[in-house]
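# An overview of the molecular structure
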Amino acid sequence: MTTRTTPPSSQGYRFPDSKVVRYIETLRKIQFSGQLIWIAPGDEKKWSFYLYSGRIFYATGGTHPVRRWARNLATYCPQIQPNITQLQQDLRKISPADLMFGWEYYLFCLWVEKQKLTQAQVSQTIQSILSEVLFDVSQAQGLTCQVKKIELKPELLVSVDEKKAIAAVELLWKNLWKYNIDVNFLDQAPIIKYPERLQELASTETYKTLTQLLDGEKTLCDLAMQVRLDVVQVSRSLLPYIQSGLVELVSTPDLPNPVYPGVSKKVSEPTGSDRPLIACVDDSLIACWTMEKILTAAGYRFISINEGLKAIITLLSYKPDLIFLDVFMPDTNGYEICKNLRKAPSFQNTPIVFLTGLNGVVDQVRARLAGASDFLSKPIDSGRVLSVTSKHLPQGAIIPRN
């Protein structure tokens, strides 16, 4: 069970004067090389900072470490569009003994080495991650710390400005206090609770934008990165809808860790070609990773497609037995993809399940006209995913495994 710590009071609090910052400055002065670990009471949360000669080169930990890494990767390194299977394949190329600085950092090293990323991109990404980790740490109280000296030089040294990150945390706190925004909101995911009422009250353009963004899977921090706005701006714009009850905030888990994906140990990763193949077309890495975790644990094969424009070509190549299709994507929409798939002989009878945060009658009629077989509402729930999957795939398609 996770316990929220009390955020600092606005009266007289300055993050640059905090214990965390003072400790970092001390390690910088003595040119410390190694790991600085901050631990919340009861070992509930941990944050790790990695330093070389007193300078931070990576940081991780806290509430949503994988989610944090994924959203920053999508923002600053858009050419990398990994799914958990691809990440695991890349990580197999790295010796477990070499992962002392964290799997995220070593993937950056691997991608720079393969010229998939530039050092400048990695520097931007880690700079942003450091600011978020410091903000996460700043919310906790009663912290204890450990230091572990490591003499090894990191493979990739990028330019990270600790003072800039500290200033960003200080500014975020000031803006949260200024606009009376609850800090606990930032790690929660907004979802439309009453779509019909929202459609009546909001303009057509606002309603369209909100239905595309608020799916109960992306936290406010995720959304801010996606729309390239400050998280305080995003929170302020949604606050009236939250206060009126039209939009609610729901807790959302971290993305699966590619090193420890959390898949049931009773089921091994399915590899047999006789297993049904399920595809998920969604621009959200969060949605695809969640679906992959649920379906591979149940014994299905899985493929994710994050770019709507490439969906039809990819689906024609793999010919999945079932398709989960997001309604709203940046470059296209599920209705058009579904219509085009139904024109192909190989997909005339394939179950196509729409992933949507909308439950309105008009939306469902439009989806049916486009050729949808069924609907699955967001946020994604494992029970509903498996229920709709077993409904549309032939009985006995999966042989139970011990």
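As shown above, the structure is provided for reference.
What comes next is a walk through the structure. (Residues numbered from 1 in each chain as written. Predicted model: local features only at pLDDT ≥ 70, side-chain atom pairs only at ≥ 80, totals over all residues. Heavy atoms only, no water.)

### Digging into the packing of helix α2 (residues 65–76) against helix α5 (residues 119–138)
It is at 9 Å that the axes of α2 and α5 come closest, and there the two elements cross at 145°. You can see that α2 and α5 cross each other, and the crossing is right-handed. Seen from α2, the contacting residues are Arg-68, Trp-69, Arg-71, Asn-72, Leu-73 and Tyr-76; seen from α5, they are Gln-121, Gln-124, Thr-125, Ser-128, Ile-129, Glu-132, Val-133 and Asp-136. When the residues that make up the contact of α2 with α5 are grouped by side-chain class, the tally is 5 nonpolar, 5 polar and 4 charged. (Axes fitted to C-alpha atoms, helices over the stretch in contact; angles between N-to-C directions. Helix = DSSP H or I, 4+ residues; strand = E, 2+ residues; numbered from the N terminus. Left-handed = near helix turned anticlockwise from the far one by under 90°. Contact = heavy atoms within 4.5 Å. Nonpolar A, V, L, I, M, F, W, Y, C, P; charged D, E, K, R; others polar.)

### With respect to the pairing of strand β8 (residues 301–305)
Within β8, 4 of the 5 residues are buried, which leaves the element mostly enclosed by the surrounding structure. By the bridge criterion, 5 bridges tie strand β7 (residues 277–281) to β8 in an arrangement that is parallel. Each residue of the ladder has a partner; that of Ala-279, found in β8, is Ile-303. In this region the chain leaves β7, passes through helix α11 (residues 285–297) and returns to the parallel neighbour β8; the handedness of that crossover is right-handed. (Buried < 20%, exposed > 50% of the residue type's maximum accessible area, 1.4 Å probe, protein only. Pairing = 2+ DSSP bridges. Right-handed = clockwise from strand over helix to strand, strands pointing away.)

### Re the side chain of Glu-170
One can find Glu-170 in helix α6 (residues 162–178). Since its relative accessible area comes to 9%, Glu-170 is described here as buried. Once residues lying within four places of it in the same chain are set aside, the contact partners of Glu-170 are Tyr-13, Arg-14, Phe-15 and Pro-16.

### Quick word on the packing of aromatic side chains
Enumeration over the complete set of coordinates arrives at 12 aromatic pairs. Taking 6.4 Å as the distance between ring centres and 70° as the angle between the ring planes, the aromatic pair formed by Tyr-58 and Phe-108 counts as edge-to-face. In this pair, Tyr-58 is assigned in strand β3 (residues 55–61) and Phe-108 in helix α4 (residues 103–113), connecting sequence segments 50 residues apart. Residue Tyr-58 is classed as buried on the basis of its relative accessible area of 1%. One aromatic cluster is present, built from ring pairs that chain together Tyr-50, Phe-57, Tyr-58, Trp-69, Trp-103, Tyr-105, Tyr-106, Phe-108 and Trp-111. The positively charged end of Arg-197 is found above the aromatic ring belonging to Tyr-194, 4.9 Å away from the centroid. A cation over a ring is seen here: Arg-236 above Tyr-179, with NZ or CZ 3.8 Å from the ring centre. (Phe/Tyr/Trp six-rings, centres within 6.5 Å; stacked < 30°, edge-to-face > 60°. Lys NZ or Arg CZ within 6 Å of the ring centre and 35° of its normal.)

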